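# Results of the structural survey
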Amino acid sequence: MQVTGSNNRPYVYNAKLSIRLRQDGQFCSLDEAEGQTIVPGATIEVVVDGAVCVSYPRREEGRIDLRALLSDAGVPVAEADGVVTVSNDGPVAYALCIEAEQYGRLVGLAERSGAELRFTTPLSAVVARAVVGSRHDKCVVLSRSNGTLYVAYTEGRRLLYAEALPLTDNADEDMLYVMAVLNGDFDLRRADIIIIGMGAKEHYKVLRHYFRRCKCE
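In this report, we go over the structure that sits alongside the text. (Residues numbered from 1 in each chain as written. Predicted model: local features only at pLDDT ≥ 70, side-chain atom pairs only at ≥ 80, totals over all residues. Heavy atoms only, no water.)

### Let's talk about the overall build of the protein chain
Each helix and strand counted, the protein chain has six helices and 11 strands in total. Against the globule reference of 17 Å for 217 residues, the protein chain gives a C-alpha radius of gyration of 18 Å, in line with a compact fold. Structurally, the protein chain occupies a C-alpha span of about 55 × 35 × 35 Å along its principal axes. Here the analysis covers contacts within the protein chain between residues at least 6 apart in sequence; of these, 62% occur between residues at least 24 apart. Surface summary for the protein chain: the accessible area is close to 11,000 Å², and the carbon and sulfur share equals 47%. (Helix = DSSP H or I, 4+ residues; strand = E, 2+ residues; numbered from the N terminus. Rg over C-alpha atoms; globule rule 2.2 N^0.38 Å. Contact = heavy atoms within 4.5 Å. Areas by Shrake-Rupley, 256 points an atom, 1.4 Å probe, with all protein chains shown as cover.)

Shown next, in the form of C-alpha cells:
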C-alpha cells in the first residue's frame, strides 16, 4: 500500500483548523472557540485541513514514529509542534502535524474546559469514499480544499494510494499532473474518477476530456 508522501514535494505549512464544539453545531475558528463556554466532558472536534497529513496502515498504529513518518514525507516537524494521530475503522490511520502555537492553544482550551480533543482530516473522508468504490474495479477520488489536493485510489475496494498534496495557484494543472502520475502507476483507462468537494464541477469539466469515466458528486 502506497500511503506516505513523496519526500521531495514542496513544503508550505498551510493547515487551516476548523473546530466544532457540539456534535450538532457549526464549525468555527480557534479564536471563536476560545471565546465560547464549553461543557466539561464535551468533545472538541478539530479538522486539520492542509498538506500536513500522512496516512499509514492502521495495523502499524502505536508501532510507528509519527514524527519521522511526517518528516520523511516532506512535512518538517519542529520539536514543539504537535503530532497527533487520527484513527478509525478504515484501512489506514493518519498522522497530522499542528504548529506549536496552535497546538498549545488547543491543548489549553481542552484543559481549561475539561473537554477532549478529537482530530480528523479531510483525507479520511476521501479514503472512505474510495473504499466504497464505484461500478468498476478501479476508483480514484479527488477533493480540493484549502490549497490541498486529497487523493485516494482503490482497486476492488482495496486502498493502494492515499495522499494530501499541496496545490499551486493552478489547481487544474496540478490535478492533471497527479492523474498522469497515477495513470502511469495504475493504468486508469478503465477507472472511475470521482471528484468531490470544492470546485468539483469545474475540475470535472477539465478532467472529463482525459478520462471518460469521470463524474462529480
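There's more to say after this.
### Observations concerning the pattern of salt bridges
Applying the stated criterion across every chain yields a total of nine salt bridges. A salt bridge links Arg-105 to Asp-31; the shortest N-O distance between them is 2.4 Å. On the criterion of sequence distance, the pair formed by Arg-105 in helix α3 (residues 100–113) and Asp-31 in helix α1 (residues 30–34) is long-range, its members being 74 residues apart. Through salt bridges that share partners, Asp-31, Glu-34, Glu-101 and Arg-105 make up one connected network. (Salt bridge = Lys/Arg side-chain N within 4 Å of Asp/Glu carboxyl O.)

### Brief notes about the environment of Pro-122
Here Pro-122 shows up in helix α4 (residues 122–132). What Pro-122 contacts, discounting residues up to four positions off in sequence, is Val-47, Val-48, Asp-49 and Tyr-150.

### Side note on the state of the cysteines
On inspection of all chains with the given rule, the structure shows zero disulfides. Left without a disulfide partner, Cys-53 is nearest to the cysteine sulfur of Cys-97, which lies 11 Å away. Summary of cysteine pairing: Cys-216 is not part of a disulfide, and the nearest cysteine sulfur, belonging to Cys-214, is at 7.9 Å. With a relative accessible area of 30%, Cys-216 lands in the partly exposed category. (Disulfide = S-S within 2.5 Å. Buried < 20%, exposed > 50% of the residue type's maximum accessible area, 1.4 Å probe, protein only.)

### Some points on unusual backbone geometry
Phi is positive for Asn-146, close to 55°, though the residue is something other than glycine. One can find Asn-146 in the loop between β7 (138–145) and β8 (148–155). For Asn-146, a relative accessible area of 27% puts it in the partly exposed group. The residue Asp-187 is not glycine, and still its phi comes out positive at about 55°. Turning to its location among the elements, Asp-187 is positioned in the loop between α5 (171–186) and β10 (192–197).

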